[in-house]
Amino acid sequence: MDLGLDGKRFVVGGASKGLGRAVAEGLVAEGARVLLVARDSDTLANVADGMRGKATTLAVDVADEDAAARIAAAVDADLGGLDGVLINAGGPPGGQILDLSDEQWLAAYQLLVGGPIRILRALVPKIAGDGAIVFITSTSVRQPIENLDTSNVLRPGVAAMAKCLARELGPRIRVNSVAPGRFDTDRIKTLDAARAEARGISVDQQRGEAARAIPLGRYGEPAELARLATFLLSPAASYVSGVSVQVDGAMVTAIP
Ligand SMILES: NC(=O)c1ccc[n+]([C@@H]2O[C@H](COP(=O)([O-])OP(=O)(O)OC[C@H]3O[C@@H](n4cnc5c(N)ncnc54)[C@H](OP(=O)(O)O)[C@@H]3O)[C@@H](O)[C@H]2O)c1
């Protein structure tokens, strides 16, 4: 199947590592050009080096107030227009509702809700033709994750935002979200280490138990999520909008 991505231009958030990097690689493999966004410029430069001139980079914290204007300026300078956006960055802090401070709640809001709204406000007008937006969310949109209440509270709101935007930005721009279960990335390594420490068990034991609880029996590889996100960002998904798709090896037990 031809995804129709040749020559298309995308902003990819959280693109220096993990899921965002895998989506950027998927887009570039299909002929797209990408603006890679994350905070650390050296890691970004290393990723861009492997992309045969198809990638430029911008080091910015997407939760910052000025991030949207800086990304918009880089789109003008590097891409000269836009066909889609992957809204993605790092995960919010762990903890339980009443233990998290106001500062932690506000930081989680800026990362997951405020920053993305500001970025899309600046970038949507740059999508002149048909376009696509994909949010990376979490299975917390369907089922709470233990001790990750910033995600449990705010991510369902992000899924709702994607749904509203699908209605508000149609018919030209499609908006979908992808909800990862457990993927082998730095983020999950950090969470597994914290869970292992809290339970007084080894990281291997923690990871083994978590993997066995997934019906497909293992953590996902970032490329397994990226194939879906790349498709959703592509013209080949021309009648798919307003959906949230889990990629979780059947980990979520809620019906449907
Ligand atoms: N991996 C999973 O299984 C899983 C499961 C559920 C949900 N998720 C969610 O999926 C998203 C991506 O996860 P991941 O596993 O790919 O994480 P990761 O491997 O830690 O990568 C995160 C990426 O985002 C960048 N980033 C982090 N904070 C940023 C900020 N404030 N501004 C700009 N860039 C930022 C990081 O680079 P810098 O540090 O240089 O900025 C990096 O490129 C996260 O929101 C995570 O919560 C992941």
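Computed from a predicted structure; not experimentally measured.

*Asks:* Sorry, what's going on with the overall build of the protein chain here?
*Replies:* Broken down by element type, the protein chain carries eight helices and seven strands. By its C-alpha atoms, the protein chain is 50 × 40 × 40 Å across when sized along the principal axes. Here the protein chain holds 256 residues, and 50% of them are scored as buried. Contacts in the protein chain between residues far apart in sequence, at least 24 positions, make up 70% of those at least 6 positions apart. By element, 52% of the accessible surface of the protein chain is carried by carbon and sulfur atoms, the whole surface being about 12100 Å². The protein chain carries 27 positive and 30 negative side-chain charges, and their two centres are separated by 5 Å.

*Asks:* How do you make sense of the packing of helix H1 (residues 18-29) against helix H8 (residues 222-233) when you look at a structure like this?
*Replies:* Two measures define how a pair of helices packs: the angle their axes make with one another and the distance between the axes. Packing of H1 against H8 leaves a shortest axis separation of 8 Å and a crossing angle of 55 degrees. One element, H1, and the other, H8, form an angle in the oblique class. Handedness of the H1/H8 crossing: right-handed. Residue-level contacts link Gly18, Leu19, Ala22, Val23, Gly26 and Leu27 of H1 to Pro222, Ala223, Leu225, Ala226, Ala229, Thr230 and Leu233 of H8.

*Asks:* Just to check I follow, could you spell out unusual backbone geometry for this structure?
*Replies:* Across residues other than glycine, the phi torsion is negative in most instances, and most of the peptide bonds are trans. In the segment running from Gly170 into Pro171, the intervening peptide bond is cis, with an omega of 0 degrees. Inspection of the secondary structure puts Pro171 in the loop between helix H5 (149-169) and strand E6 (173-180). The step from Ile255 to Pro256 runs through a cis peptide bond, and the omega angle for that step is 0 degrees. Within the element layout of this structure, Pro256 appears in the segment after strand E7 (244-247). With a phi angle near 60 degrees, Asn147 is a residue other than glycine that sits in the positive phi range. Mapped onto the elements, Asn147 comes out in the loop between strand E5 (127-136) and H5. What makes Asn147 partly exposed here is its relative accessible area of 42%. Unusually for a residue other than glycine, Ala250 sits at a positive phi of about 75 degrees.

*Asks:* Would you mind showing me how to read the site of the ligand here?
*Replies:* Taken together, 29 residues form the shell around the ligand, and within it Ser16, Arg39, Arg155, Phe183 and Thr185 come nearest. Between an oxygen atom of the ligand and a side-chain N or O atom of Arg39, the distance comes to 2.7 Å. Residue Asp61 places a side-chain N or O atom 2.8 Å away from a nitrogen atom belonging to the ligand. Those elements that place two or more of their residues in the shell around the ligand are H1 and helix H6 (186-199).

Criteria and cut-off values
As a convention, each chain's residues are numbered from 1 in the sequence order in which they are written. Given that the model is predicted, a residue must reach a pLDDT of at least 70 before its local features are reported, and side-chain atom pairs must reach 80 or more before they are shown or counted; all residues, however, enter totals for whole chains, interfaces and linings. Excluded from the side-chain calculation are hydrogens and water; included are all heavy atoms of the structure. Put simply, DSSP marks the helices as runs of H or I at least four residues long and the strands as runs of E at least two long, and each gets a number from the N terminus on. Think of it in three bands: with a 1.4 Å probe and only protein chains considered, a residue is buried below 20% of the maximum accessible area for its type, exposed above 50%, and partly exposed in between. In this analysis, two residues are considered to be in contact whenever any of their non-hydrogen atoms come within 4.5 Å of each other. To measure how exposed things are, a 1.4 Å probe is used in the Shrake-Rupley method; for residues, cover is taken only from the protein chains shown. We score Asp and Glu as negative and Lys and Arg as positive, and we do not count His or the chain ends. For charged residues, the charge sits on one atom: NZ in Lys, CZ in Arg, CG in Asp, CD in Glu. Helix axes are fitted to C-alpha atoms over the stretch in contact, other axes to C-alpha atoms as well, and angles between N-to-C directions run from 0 to 180 degrees. Note that the term roughly parallel is reserved for angles under 35 degrees, roughly antiparallel for angles over 145, roughly perpendicular for angles of 65 to 115, and oblique for everything else. In this scheme the handedness of a crossing depends on how the near helix is turned from the far one: anticlockwise by less than a right angle means left-handed, clockwise means right-handed. Neighbouring residues are identified by heavy atoms, a residue being near a molecule or strand if any of them is within 4 Å of it. Counting of polar contacts relies on pairs of N or O atoms within 3.5 Å, with two restrictions inside protein: one atom must be capable of donating a hydrogen and the other of accepting it, and residues adjacent in sequence are counted only when both atoms are side-chain atoms.

Honestly, it's all geometry; don't read function into it.
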